[in-house]
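Single-letter residue listing:
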Amino acid sequence: MSNTAADTEQAKPPPEDDHAFFGQPRGLMTLSGLEVWERFSFLGMQAILVLFFADSVANGGMGMNPGTAASVSAAYGTLVYLVSVAGGWLADRILGSYRAVLYGGVLIACGHYSMAVPTDAMTWVGLGLISAGTGLLKPNVASMVGKLYRTEDERRDAGFALYYMGINIGAFAGPLITGWLGENWSWHWGFSAAAIGMTFGLIQYVAGRRHLAGRRHAAEFALAPDAMRRAVRMIIGGAVVAAVLATALALAGWLTMDRFVDVLTAVSVIAPVVYFVVMFRSPRVTAEERGRLRPYVVLFLGSVVFNFILFQAYSTMMLLASANARTEILGFHFPASWYASALGAFEVALAPVVAAVWVRMGPRQPHASNKIAFGVILGGLSFLLMVLPTSGHADDVYRMAAWWIVGSYLLLGLGDVLLETSGMSATTKLAPKAFASQTMALWFLSLALANGIQAQIVKLYGQVSNPAYFGVNGAIAVAAGVAMIVAAPWLKRTMHPVH
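What counts, and where the lines are drawn
Residues numbered from 1 in each chain as written. Predicted model: local features only at pLDDT ≥ 70, side-chain atom pairs only at ≥ 80, totals over all residues. Heavy atoms only, no water. Helix = DSSP H or I, 4+ residues; strand = E, 2+ residues; numbered from the N terminus. Buried < 20%, exposed > 50% of the residue type's maximum accessible area, 1.4 Å probe, protein only. Contact = heavy atoms within 4.5 Å. Areas by Shrake-Rupley, 256 points an atom, 1.4 Å probe, with all protein chains shown as cover. 1 Å grid on protein atoms, 1.4 Å probe; cavity = no way out; pocket = protein on both sides within 12 Å on 5 of 7 lines; lining within 4 Å. Points joined across faces, edges and corners; volume = space filled by probe spheres on them. Nonpolar A, V, L, I, M, F, W, Y, C, P; charged D, E, K, R; others polar. Core = buried A, V, L, I, M, F, W, Y, C linked by side-chain atoms within 4.5 Å. Phe/Tyr/Trp six-rings, centres within 6.5 Å; stacked < 30°, edge-to-face > 60°. Patch = residues over 30% accessible without salt bridge, like charges linked within 9 Å, V, L, I, M, F, W, Y side chains within 5 Å. Salt bridge = Lys/Arg side-chain N within 4 Å of Asp/Glu carboxyl O. Expected span 1.5 Å × (residues − 1). Axes fitted to C-alpha atoms, helices over the stretch in contact; angles between N-to-C directions. Parallel < 35°, antiparallel > 145°, perpendicular 65-115°, else oblique. Left-handed = near helix turned anticlockwise from the far one by under 90°.

Before we go on, may I ask you to explain the overall build of the protein chain in this structure?
Counting secondary structure elements, the protein chain contains 18 helices and two strands. Counting all 499 residues of the protein chain, 55% fall into the buried class. Taking the intrachain contacts of the protein chain between residues at least 6 apart in sequence as the baseline, contacts between residues at least 24 apart amount to 83%. Carbon together with sulfur atoms contributes 68% to the accessible area of the protein chain, which is approximately 20,100 Å² in total.

When you look at empty space enclosed by the protein in this model, what are you seeing that I'm missing?
Over the atoms, a rolled probe matching the size of one water molecule traces out where space is still vacant. Applying the stated criterion across every chain yields a total of two cavities of 30 Å³ or more. Within this model, the largest cavity holds a volume of roughly 260 Å³. Taken together, 23 residues make up the lining of the largest cavity; nearest its centre are Arg39, Tyr164, Leu310, Phe311 and Asp416. Every element with two or more residues in the lining of the largest cavity is listed here: helix 2 (27–54), helix 6 (156–184), helix 10 (287–310), helix 12 (339–361), helix 15 (402–430) and helix 16 (436–457). Here the residues of the lining of the largest cavity are counted per class, giving 14 nonpolar, four polar and five charged. By volume, the second largest cavity is sized at about 30 Å³. What lines the second largest cavity is Gln46, Ser73, Ala74, Phe311, Tyr314, Ser315, Asn451 and Gln454. Counting residues per element, the ones that place at least two in the lining of the second largest cavity are helix 3 (66–95) and helix 16. Per-class residue counts for the lining of the second largest cavity are three nonpolar, five polar and no charged.

I'm lost on the nonpolar core in this one. Help?
Nonpolar side chains tend toward joint burial in soluble globular proteins. Counting 125 residues, the largest nonpolar core has Tyr339 and Tyr409 as its most contacted members. Of the residues forming this core, the biggest block, 13 residues, is contributed by helix 2. Ala91, Leu95, Ala100 and Ala231 belong to the second-largest nonpolar core, a separate cluster that totals seven residues.

Can you walk me through the layout of surface pockets in this structure?
Looking at the largest pocket, its volume works out to about 1,600 Å³. What lines the largest pocket is a set of 38 residues, among which Leu79, Gly128, Ala242, Ala243 and Phe260 lie closest to the centre. For the lining of the largest pocket, the secondary-structure elements that each account for two or more residues are helix 3, helix 5 (120–146), helix 8 (225–251) and helix 9 (257–281). Residue contributions to the lining of the largest pocket peak at 12 residues, all from helix 3. Of the residues contributing to the lining of the largest pocket, the split by class is 31 nonpolar, seven polar and no charged.

I tried to follow the packing of aromatic side chains on my own but got confused; where do I start?
Any aromatic ring pair is given by two values, namely how distant the centres are and how the planes are angled relative to each other. Enumeration over the complete set of coordinates arrives at 18 aromatic pairs. Ring geometry for Tyr461 versus Tyr469: centroids 5.7 Å apart, planes at 75 degrees, classification edge-to-face. In this pair, the class of Tyr461 matches that of Tyr469, namely buried.

What is the right way to read a nonpolar patch on the surface from this model?
On the surface, Tyr113, Ile196, Phe200 and Ile203 cluster together into a nonpolar patch covering about 400 Å² of accessible area. Per element, the largest residue contribution to the nonpolar patch is three residues, and it comes from helix 7 (residues 187–207). Locating Ile203 in the fold gives a position in helix 7. Using a relative accessible area of 54% as the deciding quantity, one classes Ile203 as exposed.

What am I meant to see in the pattern of salt bridges here?
Opposite charge on two side chains permits pairing when their charged atoms draw close. Counted under the stated rule, the structure contains four salt bridges. In this structure, Glu38 and Arg39 form a salt bridge, with 2.6 Å as the shortest nitrogen-oxygen distance. The burial state of Glu38 is the same as that of Arg39; both residues are buried. For Asp262, the salt bridge is made with Lys459, and the minimal N-O distance between the two is 3.4 Å. Taken together, the residues span a long stretch of sequence, with Asp262 in helix 9 and Lys459 in the loop between helix 16 and helix 17 (466–486) at a distance of 197 residues. Accessibility expressed as a relative area gives 36% for Asp262, which makes it partly exposed. Take Lys459: its relative accessible area is 31%, and that puts it in the partly exposed class.

Just checking my understanding: could you explain the side chain of Glu38 for this structure?
With respect to the secondary-structure elements, Glu38 resides in helix 2. When neighbours within four sequence positions are excluded, Glu38 is seen to be in contact with Ile108, Thr134, Leu137, Lys138 and Met198.

In this structure, what is going on with helix 8? I would like to understand it.
Spacing of three or four residues puts side chains on the same side of an α-helix, whose turn is 3.6 residues. If you check helix 8, its first and last C-alpha atoms are 39 Å apart, about what 27 residues at 1.5 Å a residue would give, namely 39 Å. Downstream of helix 8 by a residue or two, Gly253 has a phi angle that is positive, lying close to 90 degrees.

Sorry, what's going on with the packing of helix 9 against helix 10 here?
Between two packed helices, the angle of one axis relative to the other and the distance separating the axes together describe the packing. Their axes nearest at 10 Å, the elements helix 9 and helix 10 cross at an angle of 165 degrees. By the angle between their directions, the pair helix 9 and helix 10 is classed as roughly antiparallel. When you trace helix 9 past helix 10, the crossing you get is right-handed. The residues of helix 10 that touch helix 9, namely those facing Pro272, Phe276, Met279 and Phe280, are Arg290, Leu293, Arg294, Tyr296, Val297 and Phe300.

Help me understand the side chain of Ser369 in this model?
You can see Ser369 is positioned in helix 13 (residues 368–385). The exposure class of Ser369 is buried, given its relative accessible area of 0%. Contact partners of Ser369, with chain neighbours within four places excluded, come to Leu299, Met484, Ala488, Leu491 and Met495.

What follows is the structure, given as structure tokens:
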């Protein structure tokens, strides 16, 4: 058998896998299981990160003021998703999706173990490793899910909904464990739990690899050997130069935290613009594929608006919950970071319901662009809801009922299920073949841009009134969702074969 034939055979999962996991391919269970633990570690850590930044040094925190803590936390999120571009390119051209995900998971685990060490230096080292690892893992896991289905397979949206439910099982469980350890023992005990969770994820990923589609040893669009060696040398050299330059600028006093945040925001704006231009002009992208990229720009912007709201569930909403929300329900007291688990819990509960509705409706289900628009509107409403309990107070010393934040997270969770599953599914359908993993990385660049914008806007938190902050941001999101619905006829015409 030729090497090409062997690779093709190896890229296919066993035939009996096709309906083995709740009517979905068995490989979906492996990839969803990985995401359970990756989200357990990532969001478990993120739920306490802004609180760790804002806590006093005497209590084991870093002593930042709330606005700075939220901005730095958002900047970290920006870096995580900016690196996803490199992760998609490395998978397509050098590593292949399977190895990119594996190496990314190893870096994430090492990053969390680093953050378990109670020193400021190891905190920043850990965040850097997690950023690099997540950039390798996230875009390529989603691309591997897409490879489990043919383009016309109507199970695809339902499969992504189940995959996203797996993500949110981790999002629910992570803050419960890390939050309790962080607020009752030590923040670094919480980071340790995140490290152990990612280790479990890697073990089950390797154990289930035979059920994955596209698990080639080589990249699908690999560079020629000489070009690959040059690329590897340039990547390593560039990383070393960037690290040395950043260290020198920091020691010289020029690269302050505020300037670093501003640089990341600028890059988060420039990167997607450049990336879209490259794809539109690439000779390897056909005219038909180029036509499908145009409506994708609208989906991209919808994702930016929604995720600008969503990511504040782990920054401004955490700060609001810690300072102004009651941390008890029916007499049961809990850490403020547990509010983040409410978001994951709602998404775990709602994802299978949404998946079942789409399967039952079949071809009658709403167009993908409308699903995304509804998600954006729900995200805006989740912020508008917070105008009510934060209004009418003479000062900031008040405690709202827990149900206000829980209700906001309910709206946000439903919006997230609608938007992210449809967005990721549409991305795998609209992606030019030569940019498959990289186009999924472009979807994650929308998350980088959302975080980059957030890193600037959250500086206003505490400077303007809470009703004005949540009201204006929520109203902008609702208006953006309505605009997408108005554009629905054009989107439906131009997004074929997405339904």
